[in-house]
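Summary of structural features
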Amino acid sequence: MPMSTAFENRLYPRLNDIAAHFGTPFHIYDETGIRETGERLIRAFSGIPGFREYFAVKALPNPAILAIMADMGFGFDCSSVAELVLGRRVGSSGDDLMFTSNNTTRREFATAIADGGSIVNLDDISLMDKLPAIPDLICFRYNPGERRSGNAIIGTPVEAKYGVSHDQLIRAYRSAKQRGAKRFGMHTMLASNELDHTYIVQTAAMLLEQVERITSALDTRFEFINIGGGLGIPYRPTDPPLDLSAMARAITDTFKAFSRRNGSMPKLYMESGRFMTGPHGALVASAINRKEIYRTHVGLDACMSALMRPGIYNAYHHITVPEKRTEASQVVDVVGSLCENNDKFAIQRPLPPIAEGDLVVIHDTGAHGHAMGFNYNGKLRPKELLLKYDGTVALIRREERLDDYFATLSFTPDALLATPSDKTRQLAN
């Protein structure tokens, strides 16, 4: 279900004081919940030696959160140079970082290999030519095409822009081996927010099958497979949670069967983001307006720039009004102030009667919430807070200010002057 009762019990008795101290809106994250989920993940896969979670930095790119992940022994899945820098700032390097990018420049690859390096996970067979040097460890992202279905969020593999095709896979590893790579891994990412654990099990089995196929063809030993992220969370109260225990048992059995056939088995990596932090975050806003026209609209001091999932995906986020949880509900739209009609956190949602000044809690914003924020209409993204293990509430990112918004308009003037031929063409037109 959305936002655990334990998180509510830690947060709600203090919410008025937190809002009075920091002001709204803000995203707030629960360290206790994050650590408990991480420990569950480690226990679940303890039967596979070398299991490691690579937290998907894109889900919640805040150094305070990454420090918690590093403390639990996790690595980081990075899709950009900025995410690599964040991982390095909390002390990670080398095999602690996996750089999974697409349409990557030579300069970005140079950064990924420099400063302690990272595992380079190549999205295309042609990208080896863009590497400044072939790393000792190389990994390719596998796209199985019509051999697998995707899901509603990520789409089908055939139409996805990601990965090396099935027919290219052996050629890719052969080329990497010929160029000097000595250590190998394989990655895939086929689903997003998947609640059917059997789909994830099938993904692990699929990669192990490809490992056997390539090993047979090239006599190449694989150090790891990375089954990606995509582990789902139940955004709606009626959604069943992902059965992590059943998933882990089935994947562990699949690895042990692989070991019996081959005499050893690779390590298992995954890169969960949403599963690790999604339920352990909330967007807290104040009701600032109540508009009665054809529908009742409750306006908040947060808008889509702080949480865009409902607007772009029509995604459901549960909403509570902590001080009015027992009152009879009214059907309302919960909206922000953006000049877009899809700037709505909830549409025709039964909620307690919300009045100006009430605190409204939007659940499950701990992943792809603040991280997907933007500045359309000049809207500024809110602050981030951390409810720490010891009960302290700490500011871990200040809110954006007008100076931040206008910072890129302060620059040294530069221009490429027109040539005589340019002027002639302009006159001719």
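Because the structure is predicted, anything quoted here is derived from the model rather than measured.

**Comments concerning the pattern of salt bridges**
Within this structure, the stated rule accounts for 19 salt bridges. Among the ionic pairs, Asp95 bridges to Arg183, the shortest N-O distance being 2.9 Å. One end of the pair, Asp95, is in strand 4 (residues 94-100); the other, Arg183, is in strand 8 (residues 183-187), with 88 residues separating them in the sequence. With a relative accessible area of 24%, Arg183 lands in the partly exposed category. With its nearest N and O atoms 3.1 Å apart, the salt bridge here joins Arg290 to Glu292.

**Focus on the nonpolar core**
Residues Phe45 and Ile251 are the most contacted members of the largest nonpolar core, which totals 74 residues. In terms of residue count, helix 8 (residues 197-218) provides more of this core than any other element does, ten residues in total. Contact partners of Ile251, with chain neighbours within four places excluded, come to Phe45, Ile48, Ile200, Val201, Ala204, Ile227 and Leu268. With 18 residues, the next largest nonpolar core counts Ala306, Val321, Val332 and Val334 among its residues.

**Comments concerning the packing of aromatic side chains**
Two aromatic rings, taken as a pair, are described by how far apart their centres are and by the angle between their planes. Within the structure shown, the criterion is met by nine aromatic pairs. Measuring from ring centre to ring centre gives 5.0 Å for Phe140 and Tyr173, while their planes differ by 75°; the resulting arrangement is edge-to-face. With Phe140 in strand 6 (residues 137-143) and Tyr173 in helix 7 (residues 169-178), the pair connects residues that are 33 residues apart, well separated along the chain. Here Phe140 and Tyr173 have matching classes, each one buried. Both rings, one in Tyr173 and one in Phe222, keep their centres 5.1 Å apart while their planes meet at 70°; by these two values the pair is edge-to-face. Highlighted residues: Tyr173 in helix 7 and Phe222 in strand 9 (residues 222-226), separated in sequence by 49 residues. Judged on exposure class, the residue Tyr173 and its partner Phe222 are both buried. The ring of Tyr54 carries Arg52 above its face, with NZ or CZ at 5.4 Å from the centroid.

**So, the pairing of strand 8**
Burial within strand 8 is extensive, with four of its five residues counted as buried. Note that strand 6 and strand 8 share five bridges and pair parallel. Its bridge partner being in strand 8, Arg141 is matched across the sheet by His187. When strand 8 meets strand 9, the two strands line up parallel, connected through four bridges. Residue pairing across strands places His187 opposite Asn226, the latter belonging to strand 9. The parallel pair strand 8 and strand 9 is bridged by helix 8, and the resulting crossover is right-handed.

What counts, and where the lines are drawn
- Residues numbered from 1 in each chain as written.
- Predicted model: local features only at pLDDT ≥ 70, side-chain atom pairs only at ≥ 80, totals over all residues.
- Heavy atoms only, no water.
- Salt bridge = Lys/Arg side-chain N within 4 Å of Asp/Glu carboxyl O.
- Helix = DSSP H or I, 4+ residues; strand = E, 2+ residues; numbered from the N terminus.
- Buried < 20%, exposed > 50% of the residue type's maximum accessible area, 1.4 Å probe, protein only.
- Core = buried A, V, L, I, M, F, W, Y, C linked by side-chain atoms within 4.5 Å.
- Contact = heavy atoms within 4.5 Å.
- Phe/Tyr/Trp six-rings, centres within 6.5 Å; stacked < 30°, edge-to-face > 60°.
- Lys NZ or Arg CZ within 6 Å of the ring centre and 35° of its normal.
- Pairing = 2+ DSSP bridges.
- Right-handed = clockwise from strand over helix to strand, strands pointing away.

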